[in-house]
Amino acid sequence: MNNVSVALRGLVLGTLLSTTAIAASAQSEAQQFPVATKTLKNGMKVLVQTDHSIPNVALYIFYRIGSRNEHPGTTGLSHFFEHMMFNGAKKYGPGDLDKAMEANGASNNAYTTQNVTVYQDWFPRSALNLIFDIEADRIQNLSFDAKKIASEREVVASERRTSVDANNGGILDEQLKATAFIAHPYQWPVVGWMSDIEHWTMDDLKHHFEMGYAPNNATMVVVGDVTPEEIFQLCEKYIEPIPQHPPPPPVTTVEPEQMGERRLIVHKQAELPLLMIGYHVPQTNSPDFYALNILRTVLVQGESSRMYQRLVDKDQIALEVTASQGPAFDPTLTIFAAQPKQGVDPQKCENAIYDELDKIKKTPISDVELEKAKNIRLVEFYHQMRTINGRGNTIGTYEVFFGDYHKLFDAATNYGAVTKEDVQRVAQKYFAANNRTVATLIPDNGEQGSAKQ
Amino acid sequence: MNPERKALRFVVSALLVLGFAWTSRAQTLQLPPHEKIVLKNGLTVLLMEKHGVPIVDIAVIVKSGSVADPAGEEGLASVTAGLLHKGTAKRSAQQFAADLDFIGAEFSADASTDYTAISSEFLTKDVDKGVDLFSDAVLHPVFAQGEVEKLLAQEIDGIKAAKDEAQSVALNYYYGYLFNKHAYGRPVGGDELSLARIKRDAIAKFYETNYTPGNTILAVAGEFNAAQMRAKLEQALGGWKAKPSLLPAIIGPTAVKGKKLLLVDKPDSTQTFFVFGNIGTAENDPDRVAIRVVNTIFGGRFTSELNEALRVESGLTYGAEAFFDSRKEPGAFAIYSFTKNESTTQAIDLALQVLAKLHKDGVTPEQLASAKAYLKGQFPPSIETSGQLARTIAAHEFYGLDDDEINQMEARIDAVTPAMAKQVIAKHFPEENLVFMLIGKASEIGPGVRKYATQQDSRKISEPGFWPGAK
């Protein structure tokens, strides 16, 4: 199945906007985003988008493996593995990969989520061959050096101390997820519990590599100063010979319906308290995705948003209020976070958040709010699309999480179709008391031993 | 939170400020054409058409930052900037937010040490509304008492929240201790005590004195016709009243002699966050390109000497780096990392050894070639968007740099020789004279770190302020 298809998609934004001027400019814009695709014989799908405006390339490889594919005792393994992918293979030994890339003008990074592990290369087009050589080497011939593993374990422990121990948001987020999920693997932190970081074995690592790093479990996106033809040729030479093997077994655990509010408190030395409230919501490819995003925009995006106006501006009980929800294969959480001001009982922030949610459940949002939210979403689209790096990440995210990158170009239409009633319906359906977990961090600055009451 | 392999935050932000490297293609990347106009009222306007994405970016520099704060009222420039959009002659704060959000536009204003940066971004189709909102905030803020009190209270709590995350305040402490009484040591956002002293009248006065067309550079880049944009800006900003400029010149800070160490006690710390260095360089330093090349090798990328030693080879930390935070006058040079409490002195010792090795052995020809390729290869994405371009040309105008800063960058990088590298190491990288700042659990790490300096100072993180001069 050597199937090459080139998609030239117009962005159909006309339905979204009341003015016609933007529809015209958006369509001319869209012609600059043709995506060429090819599925290699080993099952890896490759997406290419040409842009000659700078002589550089952004290359993303999305592996469909993340902390949801882990088990108790080996939490954080996906993320640790992400680190190991830079620590040597057959042709490029320990340290060689980074040195070769940087000496040729390239830089790299990677990130791990609950769902995916993503590798990023940014380089001048002169480094194209090198990058493919490196990527092919580490997908098929990763080395497992015991000394390197021991040292990288310490690096990841340091990362955890920084992002969790020294970050109240990190601590509370971790505790919230561990409480909101009782069955599904979204309950443990992507970075892993410290005791697991300290105890993975070589066998655990090898098993993880076997399981996740099959070419048929990956999607490659290349954006920038390249042509689809040259990328497909490089893929044929470097990537296609890598044999396919079975992808990770499906995650079959379904989080049971939550049947009542859960609450937790973290006592810790801190200047200010912190509040997070998580509600179970569906996975990214759910039809309610668009209405939920519009609802979040109305609630927290911009200083005119309802929760900013209420908690920060009018009641002056919080410094900040946010709502976050990342892309997810399985049902996930929308998490509201508020930073209470000093001396303010976090309960006050909590009540104000519920009050604002209740208002929308009772009365639909206004036409102006709906139009505003759609306009904000459109500008965000341009933001993501304005750099080769943003386009690489966005095309890949849509391809992986919606199963089809075309959904990126349909997003404006899908947001345009959201009605006030849709927004009200998802508010009623998902943001109910029985479906929430409330986490509060209470500063505990008393003398040791006499602190907790 | 998605754990990443690298989090070299300081390097990234320093790169954005400096403008960095270059492309190695035969045909070098050039700044798109742009024009400079000085309006009758003295306002400098820079216009650059950049087609492809239907967005307009405005970047403004008001040439007054925290160095213009009166002593004891640190944070005044920052608060003034933060209030620009919180109520104007024709819009309440709420109305401004509603109008801005409705078109998905952005407006932000932030003080730094040397200047206040204001930026705005909107879709080309909304250009009239976007320019109107922007000029309304910059020309007609009213500083209503209620909004002033609200913001000051938020800023004070914001500092407390930041102190809960050691790495977010590490540089505040380091700069305060390094620059000491020099204006560059003041916390740009103020501290818990100085903010409490700021009154509405002081804000209004700061605005009247500093927000004048002659003291301002305005750069616009994006999808528009330059002639039409010029006409729009003249209409919107031409009526801004000219005023004589009263800005005092700043005298640069002098390097610290000897060694001193500040330990900030954060009793719940599991890691020590440490920064050390001395006074660095000015933005227009004639050695700036050679410094960038050498610092790339020393502490400015993943395979830098520092990161190799502290992370890759020893696993002591998630990241180690060095950077020059250059300003109009010489700013700071800093080496930064963090490690678990038990390995604090091991990590600092190792960082000191890497610095000593730089002075002793210099850099190899292979390292030079690699760093040059890296800087050139990574440069184009830093001037890819209209927002980046607008900020770049505004900064060049402010620092007195010209387009060759970009257009000749590749040639200048290529021209760096081993002899030049040796020279800048001796001249710009500190060796014996060092200022240390550590945030960590003092009861555990205090005794071990005494060896680094004869002068020792300490404070608790819960104490208000960041620097010895804070009262």
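Not measured: the values here are computed from a predicted model. (Residues numbered from 1 in each chain as written. Chains lettered and ligands numbered in written order. Predicted model: local features only at pLDDT ≥ 70, side-chain atom pairs only at ≥ 80, totals over all residues. Heavy atoms only, no water.)

1. Notes on the overall build of chain A
Part 1: Summing up its helical and strand segments, chain A has 16 helices and 12 strands in all.
Part 2: Over its C-alpha atoms chain A spans a radius of gyration of 23 Å, differing by no more than 12% from the 22 Å that the globule rule assigns to 453 residues.
Part 3: Considered along the principal axes of its C-alpha atoms, chain A spans approximately 65 × 60 × 40 Å.
Part 4: Going through the 453 residues of chain A one by one, you find that 64% of them count as buried.
Part 5: Of the contacts made within chain A by residues no fewer than 6 positions apart, 81% connect residues no fewer than 24 positions apart.
Part 6: With the model as given, the accessible surface of chain A reaches about 16,600 Å², and the carbon-plus-sulfur share is 51%.
Part 7: Taking the 42 positively charged and 54 negatively charged side chains of chain A as two groups, their mean positions are separated by 3 Å. (Helix = DSSP H or I, 4+ residues; strand = E, 2+ residues; numbered from the N terminus. Rg over C-alpha atoms; globule rule 2.2 N^0.38 Å. Buried < 20%, exposed > 50% of the residue type's maximum accessible area, 1.4 Å probe, protein only. Contact = heavy atoms within 4.5 Å. Areas by Shrake-Rupley, 256 points an atom, 1.4 Å probe, with all protein chains shown as cover. Lys, Arg positive; Asp, Glu negative; His and termini not counted. Charge placed at Lys NZ, Arg CZ, Asp CG, Glu CD.)

2. Focus on the interface of chain B and chain A
Part 1: In this complex, chain B contributes 71 residues to the contact, which on the side of chain A involves 82 residues.
Part 2: Taking both partners together, chain B and chain A bury about 6,400 Å²; carbon and sulfur atoms supply 52% of that area.
Part 3: Arg311(B) is paired through a salt bridge with Glu152(A); the nearest N and O atoms lie 3.4 Å apart.
Part 4: Our count for the contact surface shared by chain B and chain A stands at 36 residue pairs in polar contact (both at pLDDT 80 or more).
Part 5: Partitioned by chemical class, the residues of the side of chain B that touches chain A number 25 nonpolar, 23 polar and 23 charged. (Buried area = accessible area lost by both parts, 1.4 Å probe. Salt bridge = Lys/Arg side-chain N within 4 Å of Asp/Glu carboxyl O. Polar contact = N/O pair within 3.5 Å; in protein donor to acceptor, adjacent residues only side chain to side chain. Nonpolar A, V, L, I, M, F, W, Y, C, P; charged D, E, K, R; others polar.)

3. Here we look at the nonpolar core
Part 1: Counting 92 residues, the largest nonpolar core has Met307(A), Leu311(A), Phe336(A), Ile353(A) and Phe431(A) as its most contacted members.
Part 2: Looking at this core, the element that brings in the most residues is helix H10 (residues 289–300) of chain A, giving 9 residues.
Part 3: Listed in part, the 83 residues of the second largest apolar core include Leu83(B), Val131(B), Phe143(B) and Val435(B). (Core = buried A, V, L, I, M, F, W, Y, C linked by side-chain atoms within 4.5 Å.)

4. Some thoughts on unusual backbone geometry
Part 1: A positive phi angle, near 50 degrees, is found at Gln316(A), a position not held by glycine.
Part 2: On the accessibility criterion, Gln316(A) (30% relative accessible area) is partly exposed.
Part 3: Positioned with a positive phi, Phe143(B) is a non-glycine residue whose angle comes to about 50 degrees.
Part 4: Exposure remark for Phe143(B): the relative accessible area of 3% places this residue in the buried category.

5. Thoughts on the confidence of the model for chain B
Residues and elements named next belong to chain B.
Part 1: With 93% of its residues at a pLDDT of at least 70, chain B reaches an overall mean of 92.
Part 2: Taken as a whole, residues 8–26 scores under 50 in pLDDT and shows 62 contacts with residues more than four places along the chain or in a different chain.
Part 3: The complex prediction reports pTM at 0.91, with the ipTM value standing at 0.91. (pLDDT = per-residue confidence, 0-100.)

6. Overview of the packing of helix H5 (residues 146–165) of chain A against helix H6 (residues 168–180) of chain A
All names here are of chain A.
Part 1: Two numbers describe how H5 lies on H6: the axes approach to 5 Å, and their chain directions differ by 90 degrees. Of the possible angle classes, the one that applies to H5 and H6 is roughly perpendicular. For the pair H5 and H6, the contacting residues are Arg160, Ser163, Val164 and Asp165 in the first and Gly170, Ile171 and Glu174 in the second.
Part 2: Across the contact of H5 with H6, the residue classes break down as 2 nonpolar, 2 polar and 3 charged. (Axes fitted to C-alpha atoms, helices over the stretch in contact; angles between N-to-C directions. Parallel < 35°, antiparallel > 145°, perpendicular 65-115°, else oblique.)

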